[in-house]
Amino acid sequence: AQRVTQPEKLLSVFKGAPVELKCNYSYSGSPELFWYVQYSRQRLQLLLRHISRESIKGFTADLNKGETSFHLKKPFAQEEDSAMYYCALRGKAAGNKLTFGGGTRVLVKP
Amino acid sequence: GAVVSQHPSWVICKSGTSVKIECRSLDFQATTMFWYRQFPKQSLMLMATSNEGSKATYEQGVEKDKFLINHASLTLSTLTVTSAHPEDSSFYICSAQAEDEQYFGPGTRLTVT
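Let us look at the structure shown here. (Residues numbered from 1 in each chain as written. Chains lettered and ligands numbered in written order. Predicted model: local features only at pLDDT ≥ 70, side-chain atom pairs only at ≥ 80, totals over all residues. Heavy atoms only, no water.)

**Some words on the sheet that holds strand E3 (residues 19-25) of chain B**
Residue and element names in this part refer to chain B.
Here's step 1: With antiparallel pairing, four strands are arranged side by side in an open sheet as E1-E3-E8-E7. Of all the strands in the sheet, the pair left with one neighbour each is strand E1 (4-7) and strand E7 (67-73). In this sheet, neighbouring strand axes are inclined to one another by 15° on average, regardless of whether the strands run parallel or antiparallel. (Pairing = 2+ DSSP bridges. Helix = DSSP H or I, 4+ residues; strand = E, 2+ residues; numbered from the N terminus. Axes fitted to C-alpha atoms, helices over the stretch in contact; angles between N-to-C directions.)

Written out as structure tokens, the structure reads:
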């Protein structure tokens, strides 16, 4: 079975401070990991995926297979980063279905 | 970019009636679409995988006779909640697969009174 855990339901940081959203997963195999973001009153959209290894909107995430983690980081949070963030896993053994974590709400205060 | 629409965006229906939700891929064809359910302040839970031209694959615990899925074309999948009850009130979200990515619709809020 595949599972994604986001231990923090809410992260509140000040503008300019670093922010790190934790994501841990369980999967027997080589998974694909994603971070999705949902801004207020908008649809869910892909933020980044581990295979692309790129920085989007200043966010990065590294897949750590040893720790089965895919934490999302940004060194200097901006107010427009306030949103709901979901970590998701896709495994070929499960027919390419996405399994989402519980989500972390990020609030960036001015 | 790939756009997915849902209709209606919100619906209120009476207990015992059925309601149909449409999911359309507007500028691409999708052989696979997914239906999710999201309760307030909770994550998305996959209900079923909808495949064009074949029967949907339901997740464990999801009643296929209650949540009817039809994927009759490469751009349209429908979810019909049959004999709706108040506990079916939720936010229903669809996504459509294009190449290697899922694109999400804006969601449909269903309220059953």
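**Quick look at the state of the cysteines**
Residues and elements named next belong to chain A.
Here's step 1: All told, the structure shown has two disulfides over all chains when counted by the stated rule.
Here's step 2: Note that cysteine 23 is cross-linked by a disulfide to cysteine 87, the S-S spacing being 2.0 Å. Looking down the S-S bond of the cysteine 23 and cysteine 87 bridge, the torsion is -65°, so its handedness is left-handed. A residue pair is termed long-range when its members are at least 10 positions apart, and cysteine 23 in the loop between strand E3 (19-21) and strand E4 (24-26) and cysteine 87 in strand E9 (residues 83-90) qualify at 64 residues. (Disulfide = S-S within 2.5 Å.)

**Focus: the packing of aromatic side chains**
Here's step 1: Applying the stated criterion to the full structure yields 10 aromatic pairs over all chains.
Here's step 2: Each ring, one from phenylalanine 34 of chain A and one from tyrosine 36 of chain A, has its centre 6.2 Å from the other, and the planes form 35°; the classification is tilted.
Here's step 3: By relative accessible area, tyrosine 36 of chain A is classed as buried at 1%.
Here's step 4: Here a set of aromatic residues connected by ring pairs shows up, and it is made of Phe34, Tyr36, Tyr86 and Phe100 of chain A together with Tyr36 and Phe104 of chain B. (Phe/Tyr/Trp six-rings, centres within 6.5 Å; stacked < 30°, edge-to-face > 60°. Buried < 20%, exposed > 50% of the residue type's maximum accessible area, 1.4 Å probe, protein only.)

**Quick look at the pairing of strand E5 (residues 44-51) of chain B**
Residues and elements named next belong to chain B.
Here's step 1: The buried count for E5 comes to six of eight residues, which makes it a mostly enclosed element.
Here's step 2: Counted along the chain from strand E4 (residues 32-38) to the antiparallel partner E5, the turn is five residues long, and its residue lysine 41 has a positive phi close to 60°.
Here's step 3: Of the pairings in the sheet, the one linking E5 to strand E6 (residues 57-58) comprises two bridges and is antiparallel in character. Residue alanine 48 lies in a different strand from E6, and its bridge partner there is tyrosine 58.
Here's step 4: Counting the residues that bridge the hairpin from E5 to E6 gives five residues, and of these glycine 53 lies at a positive phi of roughly 80°.

**Details of the pattern of salt bridges**
Here's step 1: Going through the model one piece at a time under the given rule, you end up with 10 salt bridges over all chains.
Here's step 2: Across the pair arginine 90 of chain A and glutamate 32 of chain A runs a salt bridge whose closest N-O atoms are separated by 3.0 Å. On the criterion of sequence distance, the pair formed by arginine 90 of chain A in strand E9 and glutamate 32 of chain A in strand E5 (residues 32-38) is long-range, its members being 58 residues apart.
Here's step 3: Taking the relative accessible area as the measure of exposure, arginine 90 of chain A reaches 3% and is therefore buried.
Here's step 4: A residue is classified by how much of its surface remains accessible, and glutamate 32 of chain A, at 15% relative accessible area, is buried.
Here's step 5: The partner of lysine 74 of chain A in a salt bridge is aspartate 81 of chain A, with the nearest N and O atoms 2.8 Å apart. By the burial criterion, lysine 74 of chain A is buried, and aspartate 81 of chain A matches it.
Here's step 6: Residues joined by salt bridges that share partners form a network here, namely Glu32, Arg49 and Arg90 of chain A together with Asp100 of chain B. (Salt bridge = Lys/Arg side-chain N within 4 Å of Asp/Glu carboxyl O.)

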